[in-house]
Amino acid sequence: DPLQDLAEETIGGQPVSLLYEGIVEFNLGIEPFEFGFDLRQLSAVAGADPASGWDYVYDVPRPSIGPPRWLTDDPTDPDRRFWRYLLSGGQVHSSASPLWASVPFRPEPIRWPATFRIATITSVGAALALSLASDRALHDVLKMQAYGTPSENFRGGQMRVAINANAQATPPRRTNWDENPLTRAWRS
């Protein structure tokens, strides 16, 4: 029988739901897609013991699906990155306050660009062709459409189109020539 929905009460719904969740998070992890990150202020943990002499411990906002991509102490400056911290046990240890982080999360499918949505639909179809229908040939065709050849390392096919669209929508950052030890030493 065809699968009706991904609810736990439906026969086969829970395993398919787990498969779907895993594929979506895998696809979001292939490339830092801009629509999968949000700038959030970190909240200090009261009574926490900071590691290695830092002054504060911050929790990474939930529901994140990975560590922060970057931190900043000035969210109004898009080029400012903060480097004086330690990431340990899913928490940020630092002496700066306040801090913001670009946190990866799983956005609702309505927020996905069309290129990412079609790549994800095709990759879910490939997984379902193998797990529900045991059709290896259909699985291989759909996986090739979604991700390209094995040599492209999951960055070909429809996913390549999604990566290219993401690159075009991402604003360029100016090169920060002062962020190296030689220039800092020379200026001090």
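Values in this document were obtained by computation on a predicted structure and should not be read as measured data. (Residues numbered from 1 in each chain as written. Predicted model: local features only at pLDDT ≥ 70, side-chain atom pairs only at ≥ 80, totals over all residues. Heavy atoms only, no water.)

Caption draft 1: Molecular detail of the nonpolar core. Grouped together as the largest cluster of nonpolar side chains are 16 residues, with contacts concentrated most on Phe33, Phe35, Phe116, Tyr147 and Met159. When sequence neighbours within four positions are dropped, the list of residues in contact with Tyr147 reads Ile23, Phe26, Asn27, Ile30, Ser123, Glu152, Phe154, Arg155, Gly156, Gly157 and Met159. Counting residues in each nonpolar core, the second largest holds 10 residues, with Phe82, Leu99, Ala101 and Val103 among its members. (Core = buried A, V, L, I, M, F, W, Y, C linked by side-chain atoms within 4.5 Å. Buried < 20%, exposed > 50% of the residue type's maximum accessible area, 1.4 Å probe, protein only. Contact = heavy atoms within 4.5 Å.)

Caption draft 2: Molecular detail of the confidence of the model for the protein. In this model, the protein carries an average pLDDT of 87, and 89% of its residues clear a pLDDT of 70 or more. No element of the protein has a lower mean pLDDT than helix H5 (residues 181-187), which averages 71, and none a higher one than helix H3 (residues 136-147), which averages 96. (pLDDT = per-residue confidence, 0-100. Helix = DSSP H or I, 4+ residues; strand = E, 2+ residues; numbered from the N terminus.)

Caption draft 3: Structural context of the pairing of strand S3 (residues 56-59). Alignment of strand S2 (residues 43-44) against S3, held across two bridges, turns out to be antiparallel. Each residue of the ladder has a partner; that of Ala44, found in S3, is Tyr58. Inspection of the sheet shows S3 paired to strand S6 (residues 91-94) by four bridges, in the antiparallel sense. Within S6, the residue paired with Asp59 across the bridge is Gln91. (Pairing = 2+ DSSP bridges.)

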